[in-house]
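Examination of the molecular architecture
Single-letter residue listing:
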Amino acid sequence: QVHLVESGGGLVPPRESLRLSCAASERAFRIDTMGWYRQTPGKQRQLVATITRGGTTRYADSVQGRFTITRDNAREAVYLQMDNLKLEDTATYYCYAKIANSWYDEGTDYWGQGTQVTVSS
């Protein structure tokens, strides 16, 4: 069973930067879209950014221009560079990946355990 392992959360003041990392715990047959979502207490999980295997990216309007998502297909890893952090970026961030087990498999959604990002002065 593949797991997604996240790292890089923490406590930072506003306008600082953080970099989140996420990697698969073992080699998968194929990893399609990867991404990051975030959630605050009492609210639904929301998209932050996604990236396809070919490198096409998508961002939430609230992070466009401040966050950058990248991936390393060889390492089966995805990264989120977060710059100019704001108080409202405080949330638990979850790594996401759609992982297929064969050529005919459409893929299954996998989630990391979550990493806390707190932006506070």
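Before any of the text, the structure's been laid out above.
Criteria and thresholds
- Residues numbered from 1 in each chain as written.
- Predicted model: local features only at pLDDT ≥ 70, side-chain atom pairs only at ≥ 80, totals over all residues.
- Heavy atoms only, no water.
- Helix = DSSP H or I, 4+ residues; strand = E, 2+ residues; numbered from the N terminus.
- Rg over C-alpha atoms; globule rule 2.2 N^0.38 Å.
- Buried < 20%, exposed > 50% of the residue type's maximum accessible area, 1.4 Å probe, protein only.
- Contact = heavy atoms within 4.5 Å.
- Areas by Shrake-Rupley, 256 points an atom, 1.4 Å probe, with all protein chains shown as cover.
- Lys, Arg positive; Asp, Glu negative; His and termini not counted.
- Charge placed at Lys NZ, Arg CZ, Asp CG, Glu CD.
- Disulfide = S-S within 2.5 Å.
- Salt bridge = Lys/Arg side-chain N within 4 Å of Asp/Glu carboxyl O.
- Pairing = 2+ DSSP bridges.

1. Thoughts on the overall build of the protein chain
Each helix and strand counted, the protein chain has 0 helices and 11 strands in total. From first element to last, N terminus to C terminus, the protein chain shows the α and β order β-β-β-β-β-β-β-β-β-β-β. What you see for the protein chain is a C-alpha radius of gyration of 14 Å, in line with the 14 Å of a compact globule of 121 residues. Based on the C-alpha atoms only, the size of the protein chain along its principal axes is roughly 50 × 25 × 25 Å. Within the span of the protein chain, comprising 121 residues, buried residues form 44% of the whole. Considering only intrachain contacts with a sequence separation of at least 6, the fraction spanning at least 24 residues in the protein chain is 55%. Roughly 6,800 Å² of accessible area belongs to the protein chain as shown, and the carbon and sulfur atoms make up 46% of that amount. Of the charged side chains in the protein chain, 14 are positive and 13 negative, and the gap between their average positions amounts to 3 Å.

2. A closer look at the state of the cysteines
Counted by the stated rule, this structure contains 1 disulfide. Here C22 is linked by a disulfide to C95, with a sulfur-sulfur distance of 2.0 Å. Across the S-S bond of C22 and C95 the torsion is about -80°, and the bridge reads as left-handed. One end of the pair, C22, is in strand β3 (residues 18-24); the other, C95, is in strand β9 (residues 91-100), and 73 residues separate them in sequence. This pair shows no difference in class: C22 is buried, exactly as C95 is.

3. Quick word on the pattern of salt bridges
Following the criterion strictly, the structure yields 6 salt bridges and no others. Notably, a salt bridge pairs D32 with R30, separated by 2.8 Å at the nearest N-O pair. What makes R30 buried here is its relative accessible area of 17%. A single network of salt bridges, built from pairs that share partners, joins R38, R66 and D89.

4. With respect to the pairing of strand β11 (residues 115-119)
The alternating pattern of β11 places T115, V117 and V119 on a buried face, while none of Q116 and T118, on the opposite face, is buried. Relative to β11, strand β2 (residues 10-12) runs parallel, the two sharing 3 bridges. Bridge pairing in β11 places L11 opposite T118. In this sheet, β11 lies alongside β9 in antiparallel orientation, the contact comprising 3 bridges. What sits directly across from Y93, in β11, is T115.

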